[in-house]
Amino acid sequence: MPKKIQYQELAKILPDDDILQQCMHCGLCLAVCPTYDLTKLERSSPRGRIRMVRSVARGEMELSPLFADEMNFCLDCQACETACPAGVKYGQIIEAARVVVDKANYGSKVGLPIKRFALRNIVASKNALKFVSKLLWIYQKTGLQKLIRSSGLLKLFPNNLSEIEKLSPVISDKFSDTQIKEIELPEGEVKYKTAFHFGCLMNTMFADINIDTIDVLKECGCKVITPKDQVCCGSLMGHNGDMDFALKLARKNIDAFEKQDYDFLISNSAGCGAFMKDYAHLLKDDPVYAEKAKIFSSKVKDITEFLAEQKPEFNFNLEPETAHVTYHDACHLIHAQKVSEQPRQVIKSLPGVNYTELEEASWCCGSAGIYNVVRYEDSIKMLERKMKNIKNTNADVVITGNPGCMGQIKYGTQKFNVDVEVIHPVTFIKRKLKSKI
Ligand code: SF4
Ligand code: SF4
């Protein structure tokens with residue numbers, strides 16, 4: 001691909017040069033960067049990547065496979081943003097760089113079209129995702145999965161396919177959108193007007209968490225509106241270089257929720273919540289949607305953020321069953337949304353909780369969207385570190401607010417033989433009121 005076109009394209013897509021120049025090369029972000037920790041190479045650090053992006057944008061360095069690899073090696077965990085004293089918006093820089101890397105397509109000529117097709121036509125399409133999930137459900141429930149696993153057939157395929165297959169989440173027996181009514185009301189007085197985003201993968205693979213979210217909200221006196229015409233938030237597409245398509249989804253969600261009367265838009269998936277909070281920035285230059293996006297994003301709340309900040313009175317008796325618990329910070333909750341104290345407050349406030357803080361709780365577990373699938377080996381090194389820390393707490397339950405982290409840590413329990421249950425905060429709360437519902 002001609003170099004000049006790439007430079008111009010990159011310059012158009014990237015944040016302004018003055019944003020890239022905000023990095024003062026202090027290096028304070030290096031200590032929190034999992035990829036720098038693995039390689040000790042400057043180019044695999046946030047500071048190194050920012051320098052590379054700036055050099056390519058200015059035409060001082062060629063866009064190359066090495067550049068592409070470094071941009072994709074980054075987890076987009078945004079731990080560097082939290083650590084940065086200069087307030088460098090690293091997430092915006094890496095996501096823009098990935099759009100360019102995606103266009104350059106240095107990898108396999110079929111890999112990118114397959115990834116794009118799957119994200120656009122399966123993940124983002126409610127019906128297609130439900131159809132594929134049903135097929136997976138049949139594969140998992142009929143014994144076919146057990147047969148294929150025990151046959152060793154998958155080991156014949158390259159790229160750790162047999163291990164990656166184990167990462168696939170268990171498909172829910174019933175999808176959540178068929179169980180949640182468009183308007184759900186609490187038993188007593190309505191104290192809060194909320195809306196709920198049920199997600200794409202959450203709907204078919206974590207339907208129970210969606211149902212638990214609705215139940216807990218209702219028990220707190222919330223009216224919950226779940227518009228049927230909502231769509232996938234677009235985060236997987238946005239983080240994987242397909243921002244144009246991600247923004248189409250953002251506009252559809254804004255249209256779907258704009259018609260409703262609500263004060264808080266509840267998300268139970270850290271990745272979705274972070275991306276929806278970012279619609280305001282991503283659509284800031286859209287003449288039609290800029291203002292609407294600002295209003296939409298201002299209402300988005302993670303479920304634990306809502307519970308900790310609003311302190312609703314629970315309309316149920318909590319079961320004081322004892323549990324030794326620890327908490328893993330999902331990157332898109334702690335770094336992208338700056339939500340870390342709220343889930344801890346909620347968990348610790350529940351009766352019977354014996355809480356132990358997790359060492360390096362905010363260190364990425366290696367899930368990072370589809371990173372554990374496309375860069376399995378790197379992701380496993382991060383997971384091993386996470387599992388060691390979890391084991392050291394001696395906790396029986398690890399709580400985390402992102403489905404990707406849940407799937408990754410559950411896989412880690414088997415791979416590294418750690419006996420711990422992995423659950424979502426809202427499921428942990430729901431368990432306390434199980435006897436009532
Ligand atoms: S986003 Fe995470 S992996 Fe990427 S540079 Fe920042 S700290 Fe490192
Ligand atoms: S902490 Fe911020 S300013 Fe310092 S090197 Fe990292 S990105 Fe640049």
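Just so it is clear, the structure is predicted and the values come from calculations on it, not from any experiment. (Residues numbered from 1 in each chain as written. Chains lettered and ligands numbered in written order. Predicted model: local features only at pLDDT ≥ 70, side-chain atom pairs only at ≥ 80, totals over all residues.)

Enquirer: I tried to follow the overall build of the protein on my own but got confused; where do I start?
Expert: Within the protein, the secondary structure is distributed over 25 helices and nine strands. Here the protein has a C-alpha radius of gyration of 22 Å; the compact-globule value for 437 residues is 22 Å, and the two agree. Referenced to the eigenvectors of the C-alpha coordinate spread, the extents of the protein come out at roughly 65 × 55 × 45 Å. Considering the protein as a whole, with its 437 residues, one finds that 45% of them fall into the buried category. Counting only contacts in the protein whose residues sit at least 6 apart along the sequence, the fraction spanning at least 24 positions is 78%. (Helix = DSSP H or I, 4+ residues; strand = E, 2+ residues; numbered from the N terminus. Rg over C-alpha atoms; globule rule 2.2 N^0.38 Å. Buried ≥ 20, exposed ≤ 12 C-beta atoms within 10 Å, placed from the backbone. Contact = placed C-beta atoms within 7 Å.)

Enquirer: Please explain the nonpolar core as it appears in this structure.
Expert: In globular proteins that are soluble, nonpolar side chains generally tend to be buried together. In this structure, Val53, Ile93, Ala97, Ile266, Tyr279 and Cys364 are the most contacted members of the largest nonpolar core, which totals 114 residues. If you tally residues by element for this core, the top one is helix H7 (residues 90-104), at eight residues. (Core = buried A, V, L, I, M, F, W, Y, C linked by C-beta atoms within 7 Å.)

Enquirer: Looking at this structure, I do not really get the sheet that holds strand E6 (residues 323-327). What am I missing?
Expert: The pairing of strands in a sheet happens through backbone hydrogen bonds and is either parallel or antiparallel. With parallel pairing, four strands are arranged side by side in an open sheet as E7-E6-E8-E9. Edge positions in the sheet fall to strand E7 (353-355) and strand E9 (421-423), since each of these pairs with one other strand and no more. Here the average twist between neighbouring strands, direction ignored, is 35°. (Pairing = 2+ DSSP bridges. Axes fitted to C-alpha atoms, helices over the stretch in contact; angles between N-to-C directions.)

Enquirer: Explanation requested: the packing of helix H23 (residues 376-393) against helix H24 (residues 403-415) in the structure shown.
Expert: A pair of packed helices can be characterised by two numbers: the angle between their axes and the separation between those axes. At their nearest, the axes of H23 and H24 sit 10 Å apart, and the two run at 75° to each other. The pairing of H23 with H24 is recorded here as roughly perpendicular in orientation. Every residue of H24 that contacts H23 at Leu383, Lys386 and Met387 is listed here: Gln408, Ile409 and Gly412. (Parallel < 35°, antiparallel > 145°, perpendicular 65-115°, else oblique.)

Enquirer: How should I be thinking about the sheet that holds strand E5 (residues 300-302) in this particular structure?
Expert: An order of E1-E3-E2-E4-E5 is seen for the five strands of this open sheet, with the pairing classed as mixed. In this open sheet, the two edge strands, each paired with only one partner strand, are strand E1 (183-184) and E5. Note that strand E2 (residues 192-196) and strand E4 (residues 264-267) share three bridges and pair parallel. Considered in E4, the bridge of Ala195 is made with Leu265.

Enquirer: Help me understand the site of ligand 2, please; the structure alone is not making it clear to me.
Expert: With respect to spatial proximity, 15 residues lie near ligand 2, and among them Cys23, Cys26, Cys29, Arg47 and Cys84 are the closest. Among the elements of the structure, helix H4 (46-57) and helix H6 (79-83) are those that each provide at least two residues to the shell around ligand 2. Element by element, the count of residues in the shell around ligand 2 is highest for H4, at three residues. Here the residues of the shell around ligand 2 sort into 12 nonpolar, two polar and one charged. (Near = placed C-beta within 6 Å. Nonpolar A, V, L, I, M, F, W, Y, C, P; charged D, E, K, R; others polar.)

Enquirer: Would you take a moment to explain the site of ligand 1 for this structure?
Expert: Near ligand 1, the surroundings consist of 14 residues, among which Cys33, Pro46, Cys74, Cys77 and Cys80 are the closest. Taken together, the residues that form the shell around ligand 1 break down as 10 nonpolar, two polar and two charged.

Enquirer: Would you take a moment to explain the domain arrangement of the protein for this structure?
Expert: For interface size, the figure often reported is the accessible area lost on association. Domain parsing of the protein yields domain 1 (3-104), domain 2 (111-167), domain 3 (176-310) and domain 4 (323-432). Computed from C-alpha coordinates alone, the two centres of domain 1 and domain 4 are separated by 27 Å. Each side of the interface is counted separately: domain 1 has 11 residues, and domain 4 has 11 residues. For the side of domain 1 that touches domain 4, the secondary structure elements donating two or more residues are helix H3 (34-39) and H6. Residue classes in the side of domain 1 that touches domain 4 are distributed as six nonpolar, three polar and two charged. (Domains from an automatic or database assignment.)

Enquirer: Sorry, what's going on with the environment of Glu360 here?
Expert: Position of Glu360 among the secondary structure elements: in the loop between E7 and helix H22 (371-374). Separated by 26 residues in sequence, Glu360 and Lys386 have C-alpha atoms that sit 7.9 Å apart.

Enquirer: What exactly am I supposed to notice about the environment of Lys292 here?
Expert: With respect to the helices and strands, Lys292 occurs in helix H18 (residues 290-299). The spatial distance from the C-alpha of Lys292 to the C-alpha of Ile254 is 7.1 Å, given a sequence separation of 38 residues.

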